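Each chain, letter by letter, is given below.
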Amino acid sequence: MLSQKPQSNLNLLLISLTYLLYFGQLGVLVPYLGVFLDGRGFTSEQIGELFALITVARILGPNLWASMADKSGKGLGILRLGSLLTFGTFCLVFVVDSFWGLTLGFALMMMFWTAILPQLEVLTLNCVDSDATRYSRIRLWGSIGFIILTVIAGKAIDMFSSEAPIYVSAGVLAVLFISTLLINEPQAKPAKDKNTGSIWHKAKTPTFLMFILSAILLQVSFGTYYGFFALYARDLGYSGQATGFFIGLGVAAEIVIFLLAGRLISIFGIKWILVISIFLTALRWLLLGTVAEFLWVIIISQLLHAFSFGMTHAASVKFIHHYFGKAFQSRGQALYISIGFGVGGAIGNYISGQLWLQGAGSQQAFLFSAVIALISMLSLLLVRSKNMSASA
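Residues numbered from 1 in each chain as written. Predicted model: local features only at pLDDT ≥ 70, side-chain atom pairs only at ≥ 80, totals over all residues. Heavy atoms only, no water.

Explanation requested: a nonpolar patch on the surface in the structure shown.
A surface patch of nonpolar side chains, about 580 Å² in accessible area, is lined by L92, F94, V95, L104, L108 and Y167. If you trace the backbone, L108 turns up in helix α4 (residues 99-113). Assessed through its relative accessible area of 32%, L108 is described here as partly exposed. (Patch = residues over 30% accessible without salt bridge, like charges linked within 9 Å, V, L, I, M, F, W, Y side chains within 5 Å. Areas by Shrake-Rupley, 256 points an atom, 1.4 Å probe, with all protein chains shown as cover. Salt bridge = Lys/Arg side-chain N within 4 Å of Asp/Glu carboxyl O. Helix = DSSP H or I, 4+ residues; strand = E, 2+ residues; numbered from the N terminus. Buried < 20%, exposed > 50% of the residue type's maximum accessible area, 1.4 Å probe, protein only.)

What is the right way to look at the side chain of T150 in this model?
Take T150: it is sitting in helix α6 (residues 132-159). Of note is the side chain of T150, whose polar atom sits 2.9 Å from the backbone oxygen of G27. Contacts of T150, omitting those with residues within four sequence positions, involve G27, P31, Y32, G244, I247 and G248. (Polar contact = N/O pair within 3.5 Å; in protein donor to acceptor, adjacent residues only side chain to side chain. Contact = heavy atoms within 4.5 Å.)

Even after reading the chapter, I still don't get helix α15 (residues 362-380), so can you show me in this structure?
Because an α-helix completes one turn every 3.6 residues, residues spaced three or four positions apart along the sequence face the same direction. Here α15 contains 19 residues, and its C-alpha end-to-end distance of 28 Å stays within 8% of the 27 Å for a straight helix at 1.5 Å per residue. Considered for burial, the residues of α15 that qualify are S362, A365, F366, S369, A370, I372, A373, S376, M377, S379 and L380. (Expected span 1.5 Å × (residues − 1).)

Looking at this structure, how should I read the packing of helix α9 (residues 206-235) against α15?
Two quantities define a packed helix pair, namely the angle between the axes and the distance from one axis to the other. For the pair α9 and α15, interaxial distance at closest approach is 8 Å and the crossing angle is 160°. Classified by the angle their axes make, α9 and α15 are roughly antiparallel. α15 is crossed by α9, and the crossing has left-handed handedness. Residue-level inspection shows M210, F211, L213, S214, L217, L218, V220, S221, T224, Y225 and Y232 of α9 in contact with α15, the latter providing S362, A365, F366, F368, S369, I372, A373, I375, S376, S379 and L380. (Axes fitted to C-alpha atoms, helices over the stretch in contact; angles between N-to-C directions. Parallel < 35°, antiparallel > 145°, perpendicular 65-115°, else oblique. Left-handed = near helix turned anticlockwise from the far one by under 90°.)

What is the right way to look at the confidence of the model for the protein in this model?
Averaged over all residues, the pLDDT of the protein equals 84, while 90% of them reach at least 70. By mean pLDDT, the top-scoring element of the protein is α15 (95), and the lowest-scoring one is helix α8 (residues 200-203) (73). (pLDDT = per-residue confidence, 0-100.)

Honestly, the environment of N11 in this entry has me stumped. Any pointers?
Its location among the elements puts N11 in helix α1 (residues 4-39). Spatially, the C-alpha atom of N11 lies 6.3 Å from that of N184, the residues being 173 residues apart in sequence. The contacts of N11, once residues within four sequence positions are left out, are C127, I183 and N184.

Could you clarify how one ought to interpret the pattern of salt bridges in this entry?
Any two side chains of opposite charge can pair, given that their charged atoms come close. Taken as a whole, this structure holds four salt bridges when the rule is applied. The residue D97 makes a salt bridge to R40 at a minimum N-O spacing of 3.0 Å. Of the two residues, D97 is situated in the loop between α3 (75-90) and α4 and R40 in the loop between α1 and α2 (44-72); the sequence distance between them amounts to 57 residues. The class for D97 is partly exposed, based on a relative accessible area of 49%.

Would you mind showing me how to read unusual backbone geometry here?
Negative phi is the rule for most residues except glycine; trans is the rule for most peptide bonds. The backbone of L357 sits at a positive phi, close to 55°, despite the residue not being glycine. With respect to the element layout, L357 can be found in the loop between α14 (329-356) and α15. Residue classification places L357 among the partly exposed positions, given a relative accessible area of 42%. We note that Q358 has phi near 55°; this positive angle belongs to a residue other than glycine.

What exactly am I supposed to notice about the packing of aromatic side chains here?
Two aromatic rings, taken as a pair, are described by how far apart their centres are and by the angle between their planes. In the structure shown here, the tally under the stated rule is 26 aromatic pairs. Ring geometry for Y232 versus W356: centroids 5.6 Å apart, planes at 80°, classification edge-to-face. Here W356 lies in helix α14 and Y232 lies in helix α9, a separation of 124 residues in the sequence. Each member of the pair Y232 and W356 is classed as buried. (Phe/Tyr/Trp six-rings, centres within 6.5 Å; stacked < 30°, edge-to-face > 60°.)

Got a minute to help me understand the nonpolar core in this structure?
Where a protein is soluble and globular, its nonpolar side chains tend to be buried together. Core analysis: the biggest nonpolar cluster contains 112 residues, and I15, L37, F90, F106, F208, F211 and F324 have the highest contact counts within it. It is α1 that contributes the most residues to this core, 15 residues altogether. Ranked by size, the runner-up nonpolar core spans five residues in total, among them W65, A69, I78 and F112. (Core = buried A, V, L, I, M, F, W, Y, C linked by side-chain atoms within 4.5 Å.)

Sorry if this is basic, but what is going on with the side chain of S352 here?
Considering the arrangement of structural elements, one finds S352 in helix α14. Here S352 falls in the buried class, since its relative accessible area comes to 1%. The residues touching S352, leaving out its near neighbours within four places in the chain, are G223, T224 and F228.

Right, here's the structure in full:
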């Protein structure tokens, strides 16, 4: 038993590193993919359409991989395979340049990318026995990685060109795959949930349907930010490095909230954490759309990322993990990611691309996001708090 604890600690350290690399990669691509595509001559409509098309891969991918993981019991193997194929397909970006070529390359990458996070979340929650506080402390390393790689990529754009993010991404993805090879799966524990029926028995309930509707709408509201914030900051006169610091500030606030997430969820409950966080998200988009010319407004809006993503994600993952139980935990996380992030992300990316108009429609795009976030919040008010508690 004495030798198992250091091994367990090493495993948690490797999982933390994997979170750092996974979200570090998002810190490169999410803010700067629009800058990269703009540098290759794409219009805002094309950027929005490409974002929407590749996001569609997030709808089918997670459920396919999670079903394989739950049925085979080899979630770690799926995690490793997804990491390898993500790196391989991403490298297509170095040999193709057309709209459809890049769309296909990024869509294939996204299909395999979706194999990673659901398995990593399940692996982590099993390693920490579903302890929200311990989970948050490990997950915060993803936020640290996001900050580090966002700042590095922003500086690289200033020093080199808009092509810099794809080189940084390729290196991060290669190291990510290596890190997954070093992780060990925790010893399996007997499942308390003996239900071997269909996952749809739980997914068709009013509680889950309203939760997933809210998640979809929240991700629709993020479309403008994910697709165009870096271009927006550039149009406001900020450098790539300054944009990296803005994004890093938001994720730094996210780190703080992750440290407090477990305690806050236990005090306020999952429903009210989500309601408050999504309301603050609507306020965030309103500020960006109306008074973003002031530096202090951008700073406040980025600090609100702690709630927009940090608290909503921590609360949602905890809800899904307990709501679906041991038998369906991978597929439950996959449903959340594929439907919430996939459907919501695709719709949000497409609409924001149509509204943006090379920056002329920036205010309308952010106001649209604010309204959608408010609707997301209102949908959760129809759910009873006890139905979303960890013990439900």
